[in-house]
Amino acid sequence: MAGVGGSCRLTTLFAQYVQQTRAQNSFSRIISKRLQLMKVEDNLRKSSFQIPLHQSDCHAFGMPREGQHVHGGVIATVVEDATTMHICANDARSRKAVTTDLNLSFLGVGKIGRTLQIDTTILKIGGVLGVAEAYVKDASTGKLIAVGRHTMMFIGEDNSATEYAHSLNSVFDV
């Protein structure tokens, strides 16, 4: 599946992510309003997301004359959210998952007014753990801004990852 048209597990989880972050007034709500799933490829092993950077993403210590730079926490949240959806979409048992390790190396800066492209690749999906990597680039220049790896442990019963979308009866669903 080259584009995001049609139905695949990642597009379903992305729609759930947008709905859930807004219903819960989640930490990721500001990200979910702008994050776009651009494509899914290689039998759900690769995906690409984009997010435009706004003034609210700015690092507090950036000087306007130097150009406003995105806060590293924004990039970390985008990487975690994108890879979480991608890992969970690849779990054949459709379980919830929790982060066991998230690491990022920042190689450049994202600038306000630009768009970030986040390319994610599944490295492993096992019975207990899922691992994905992410490359964050400036969408217009291709300049690499950050590289990350995210490991998650699957928890819960089979098909528990989509329970929230079906019920929407608890704003504290984990």
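None of these values were measured; they are calculated from a predicted model.

*Asks:* Sorry if this is basic, but what is going on with the packing of aromatic side chains here?
*Replies:* Tallied over the full model, the rule gives 2 aromatic pairs. Between Phe14 and Tyr17, the aromatic rings sit 6.1 Å apart at their centres with planes inclined by 35°, giving tilted as the arrangement. Here Phe14 pairs with Tyr17, and both are found in helix α1 (residues 9–23), just 3 residues apart, close to one helical turn. What makes Phe14 buried here is its relative accessible area of 14%. When the ring of Phe14 is compared with that of Phe49, the centres are 6.2 Å apart and the planes differ by 50°; the resulting orientation is tilted. Here Phe49 lies in strand β2 (residues 46–52) and Phe14 lies in helix α1, a separation of 35 residues in the sequence. Assessed through its relative accessible area of 0%, Phe49 is described here as buried.

*Asks:* In this structure, what is going on with the environment of Gly110? I would like to understand it.
*Replies:* Along the chain, Gly110 falls in the loop between β3 (96–106) and β4 (115–125). Along the chain, Gly110 and Gln68 lie 42 residues apart, while their C-alpha atoms are 8.6 Å from each other. When neighbours within four sequence positions are excluded, Gly110 is seen to be in contact with Leu53, Gln68, His69, Val70, Leu116 and Ile145.

*Asks:* How should the pairing of strand β1 (residues 36–41) be read in this particular structure?
*Replies:* The side chains of a regular strand alternate, first on one face of the sheet and then on the other. In this sheet, β2 lies alongside β1 in antiparallel orientation, the contact comprising 5 bridges. Among the inter-strand pairings, Leu37 is bridged to a residue of β2, identified as Phe49. Linking two consecutive strands that pair antiparallel, namely β1 and β2, is a turn of 4 residues; a positive phi of about 55° is found at Asp42 within it.

*Asks:* What am I meant to see in unusual backbone geometry here?
*Replies:* Residues other than glycine predominantly adopt negative phi, and peptide bonds predominantly adopt the trans conformation. Notably, Asp42 is not glycine yet its phi reads approximately 55°, a positive angle. The topology assignment puts Asp42 in the loop between β1 and β2. The exposure class assigned to Asp42 is partly exposed, which follows from its relative accessible area of 48%.

*Asks:* Would you mind showing me how to read the packing of α1 against helix α3 (residues 72–89) here?
*Replies:* Angle between the axes and distance between the axes are the two parameters that describe a pair of packed helices. For the pair α1 and α3, the least separation of the axes is 9 Å and the interaxial angle reads 135°. When the interaxial angle is binned, α1 and α3 end up oblique. For the crossing formed where α1 meets α3, the hand is right-handed. Packed against α1, whose contacting residues are Arg9, Leu10, Leu13, Phe14 and Tyr17, the element α3 presents Asp81, Met85, His86, Cys88 and Ala89 at the interface.

*Asks:* Explanation requested: the sheet that holds β3 in the structure shown.
*Replies:* Here we have 6 strands laid out as an open sheet, ordered β1-β2-β4-β5-β6-β3, and antiparallel in their pairing. Of all the strands in the sheet, just β1 and β3 have a single pairing partner and so form its edges. Within this sheet the neighbouring strands show an average axis-to-axis angle of 20°, counted without direction. One ladder, built from 7 bridges, connects β2 with β4; its direction is antiparallel. Each residue of the ladder has a partner; that of Ser48, found in β4, is Asp119. Packed on one face of the sheet, α1 meets β1 and β2 and runs near 165° to β1.

Quick notes on the rules
- Residues numbered from 1 in each chain as written.
- Predicted model: local features only at pLDDT ≥ 70, side-chain atom pairs only at ≥ 80, totals over all residues.
- Heavy atoms only, no water.
- Phe/Tyr/Trp six-rings, centres within 6.5 Å; stacked < 30°, edge-to-face > 60°.
- Helix = DSSP H or I, 4+ residues; strand = E, 2+ residues; numbered from the N terminus.
- Buried < 20%, exposed > 50% of the residue type's maximum accessible area, 1.4 Å probe, protein only.
- Contact = heavy atoms within 4.5 Å.
- Pairing = 2+ DSSP bridges.
- Axes fitted to C-alpha atoms, helices over the stretch in contact; angles between N-to-C directions.
- Parallel < 35°, antiparallel > 145°, perpendicular 65-115°, else oblique.
- Left-handed = near helix turned anticlockwise from the far one by under 90°.

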